[in-house]
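What follows is each chain in one-letter form.
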Amino acid sequence: GHLAEVGRRDQALAPITEAVDIRRRLAQANPDAYLPDLAGSLNNLAGHLAEVGRRDQALAPITEAVDIRRRLAQANPDAYLPDLAGSLNNLLSVTAGTAHASVADAAWDDVGRQFRHQPQLVCYLEVERACALLDQDVAEAVGRLIGIERSGQASPRVAGRVRGLLRTAWRRAPTLVERGYGGDLPAWLHLDDELLDACVAWISTRTWQESLDALRQRPDLLSEAAELALDELALLGNETVVAQHRGLLRRARDEWLDAAYRPLLLQDTAYRWVEADTWESSQRFLTEHAELVDDPDAVGVLTALAGDGPNPVVTVHLALLTLARAVGIPEAYGCLTDGGRLDAQVRAAIRDGSPRLLGACATVEAHVHQLPLAGLVHHSIAAALAGQPVTIPAELSILVREADADERNRLASQVVALLRARPDASPTLTPLLAAVLAGPPEPAVLAEPPQPGVLAEPPQRRADE
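Residues numbered from 1 in each chain as written. Predicted model: local features only at pLDDT ≥ 70, side-chain atom pairs only at ≥ 80, totals over all residues. Heavy atoms only, no water.

(A) Expanded view of the overall build of the protein chain. When its secondary structure is counted, the protein chain shows 26 helices and zero strands. When the backbone C-alpha atoms are referred to their principal axes, the protein chain occupies close to 120 × 75 × 45 Å. Put simply, the protein chain has 465 residues, and 40% of those count as buried. At a minimum sequence separation of 6, the contacts of the protein chain that also span at least 24 residues come to 59%. (Helix = DSSP H or I, 4+ residues; strand = E, 2+ residues; numbered from the N terminus. Buried < 20%, exposed > 50% of the residue type's maximum accessible area, 1.4 Å probe, protein only. Contact = heavy atoms within 4.5 Å.)

(B) View of the side chain of Ser 282. In this fold, Ser 282 is placed in helix H16 (residues 279-288). Ser 282 gets classed as buried once you look at its relative accessible area, which sits at 1%. In terms of polar contacts, Ser 282 uses its side chain to reach the side chain of Tyr 333, at 2.6 Å. Contacts of Ser 282, omitting those with residues within four sequence positions, involve Trp 273, Ala 276, His 317 and Tyr 333. (Polar contact = N/O pair within 3.5 Å; in protein donor to acceptor, adjacent residues only side chain to side chain.)

(C) Molecular detail of the confidence of the model for the protein chain. Summarising the model, the protein chain shows a mean pLDDT of 88, and 94% of its residues fall at 70 or more. Taken together, the stretch residues 444-465 has pLDDT below 50 and engages in two contacts with residues farther than four places along the chain or on a different chain. (pLDDT = per-residue confidence, 0-100.)

(D) Spotlight on helix H4 (residues 55-75). Across its 21 residues, H4 extends 30 Å between first and last C-alpha, which sits within 8% of the 30 Å expected from 1.5 Å per residue. For H4, the set of buried residues is Ala 58, Leu 59, Pro 61, Ile 62, Ala 65, Val 66, Ile 68, Arg 69, Leu 72 and Ala 73. Tucked into the core, H4 has its buried residues touching helix H3 (31-51), helix H5 (77-95) and helix H6 (101-114). (Expected span 1.5 Å × (residues − 1).)

Quick look at the structure:
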């Protein structure tokens, strides 16, 4: 390959011939492992022979490569059909203008019959055949491509490739294409490559800010022709991304660029905030992008980042956002590192009857300070303050048994204080209080067995009982 690239094609024949010999021996010993490699080397050998004018000698290796790849593609078309198409096109090139020209056509026809029960594979092969013919017989290539395009049997990706090849053919030979369509040309035929490339670059930007900047630099992307270009890109894949950008174009035309991009830029900002690697960098980012605190849509954007399942990272950031809105950014981040400041916010939320703030504090307790019992109790209190029914979770009894007496008493006193302030919440808070006070069972004390004939003293009741 390197020898051929620097123009020493005659000298390239010795190493490629040796490669064929080596791979033939390997394939004879282990065909499953080495037949694909042998076909590749045969394909290359034929190409090099044709390049130095020895086309007659190239016919044997390229024919053998086609035969091998036909067998491989029969067993696994997804893996080997592109290679087979490449060898068929090389056979077409090797035999073009020679007495063996009909050999390539016959091989193509044989392969078509081989896959006749799989129409989409036949379409794919026909497109590759037409692609090779564009350099030899444009009229025949155009006829084949228009026939495939009109058949409706091609997959979307193959249909997109057909349209691209027809645009190329139209620029080379517009009369042939116009004649093939009878003068009624489809709109996508008029798309130019520059606009298509601009659309590809636009939908491939990494952030929405880069996307907005790209659109500002190319106002022609706001045209209806750009929507047509997006339709062409959708055929080639990434339909979801293309549909999103199509909607973005329409909103940008109906409103203005900044309004159309506002929710997307907010999404970018929220994502970068959540991705901060330390609480210090997270606080710094939020301080620099205070629009997250002020924007009413930020909660919805963050919630969307969580996806379908629970996401503790997003949950904590939602709580941080609530805290920042209630007590400011510095105090919100102080609650992450200082248990005393967090407890003060919990007491204030209970005193003021603020379920949203209390729920945020409960999330920080559970996920940041690793206080699952406090988090669960305070979430239940927040639900009661919001007028929601409170169901005592099964895990509460487990956490209560594992907690120390001070923790249980602290939480119980908060529930009691709230019951005094909000007697209307008694139906929901009383069961919670009972669950918190349940505590671990008293350890059993084994008494001395009574002596024969002596009655044991009855157990004394504790004063609190």
